[in-house]
Amino acid sequence: MSDNPPENPIVENLEPPEVKLTAPALFEIESTWLVVAKNRRVNRDWEALMQRHPENTLRCYEDLCTAPTTRQPGRVFPLKGKLYKGAWEYEVTKGDRVFYVPDKQQLKVVVYYAGKHPSPAPTP
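Residues numbered from 1 in each chain as written. Predicted model: local features only at pLDDT ≥ 70, side-chain atom pairs only at ≥ 80, totals over all residues. Heavy atoms only, no water.

A.B. asks: Tell me what's going on with the pairing of strand β4 (residues 88-93), and back it up with residues and numbers.
C.D. replies: Every regular strand shows the same layout, with side chains that alternate between the two sheet faces. Among the six residues that make up β4, five are buried, leaving the element largely enclosed by the rest of the structure. Looking at chain direction, strand β3 (residues 76-78) and β4 are connected through three bridges and run antiparallel. Across the sheet, Pro78 pairs through a bridge with Trp88, a residue of β4. Here β4 pairs with strand β5 (residues 96-103) via five bridges, running antiparallel. (Buried < 20%, exposed > 50% of the residue type's maximum accessible area, 1.4 Å probe, protein only. Helix = DSSP H or I, 4+ residues; strand = E, 2+ residues; numbered from the N terminus. Pairing = 2+ DSSP bridges.)

A.B. asks: If you had to explain the packing of aromatic side chains to someone new, which residues and values would you point to?
C.D. replies: By the definition in use, this model includes four aromatic pairs. Where Trp88 meets Tyr100, the ring centres are 6.4 Å apart and the plane angle is 25°; that geometry is what we call stacked. Taken together, the positions of Trp88 in strand β4 and Tyr100 in strand β5 put the pair twelve residues apart, joining distant regions of the chain. The exposure class of Tyr100 is buried, given its relative accessible area of 0%. Aromatic rings pair up to connect Phe99, Tyr112 and Tyr113 into one cluster. (Phe/Tyr/Trp six-rings, centres within 6.5 Å; stacked < 30°, edge-to-face > 60°.)

A.B. asks: Explain the nonpolar core to me, and be specific about the residues and the numbers.
C.D. replies: The biggest cluster of nonpolar side chains holds 24 residues, and the ones touching the most others in it are Val35, Trp46, Leu64, Val98, Tyr100 and Val111. The set of elements that each furnish at least two residues to this core consists of β2 (34-37), α1 (40-52), α2 (54-66), β4, β5 and β6 (108-116). For this core, the leading source of residues is α2, giving five residues. Setting aside anything within four residues of it in sequence, one finds Tyr100 in contact with Leu64, Pro68, Val76, Gly86, Ala87, Trp88, Glu89, Tyr90, Val109, Val110, Val111 and Tyr112. Judged by nonpolar contacts, the second largest core, of seven residues, contains Tyr84, Phe99, Tyr112 and Ala121. (Core = buried A, V, L, I, M, F, W, Y, C linked by side-chain atoms within 4.5 Å. Contact = heavy atoms within 4.5 Å.)

A.B. asks: How would you summarise the confidence of the model for the chain if you had to cite specific residues and measurements?
C.D. replies: Of the residues in the chain, 87% reach a pLDDT of 70 or more, and the chain-wide mean stands at 89. Low pLDDT, under 50, characterises residues 1-7; the predicted model gives this stretch one contact beyond four residues in sequence or across chains. (pLDDT = per-residue confidence, 0-100.)

A.B. asks: So what's going on with the side chain of Asp96? Residues and values would help.
C.D. replies: One can find Asp96 in strand β5. Here His53 takes part through its side chain, which lies 3.2 Å from a polar atom of the side chain of Asp96. A distance of 2.8 Å separates the side chain of Asp96 from the side chain of Thr93, its partner in a polar contact. With near-sequence residues (within four places) excluded, Asp96 lies in contact with Leu49, Arg52, His53, Tyr90, Glu91, Gly115, Lys116 and His117. (Polar contact = N/O pair within 3.5 Å; in protein donor to acceptor, adjacent residues only side chain to side chain.)

Now the structure itself:
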């Protein structure tokens, strides 16, 4: 092993089968948090959501990259109950949601669901 620092330390934070969440086309801000999809299926669902609602998903992605634990009443909030420990919900549109778990130590957000609003909420 060399003593050289890794080229991109934030990407080394991925744990299989996690994949980096696809960034929206117009995304240009500096990311503080690494945003990953729990697996390829979640990333595909996110990409489909971006196709349907580009402006809303751009705002969602920016929020996840910069301030995923900042509450926005009615839009972004932590879930309640033991099953959802650490999980947050993001209302992308009236009928679409992103569910994720932010890790403040690693500055990483793991998106585990993106798509139509399910009931009950999916567990991480």
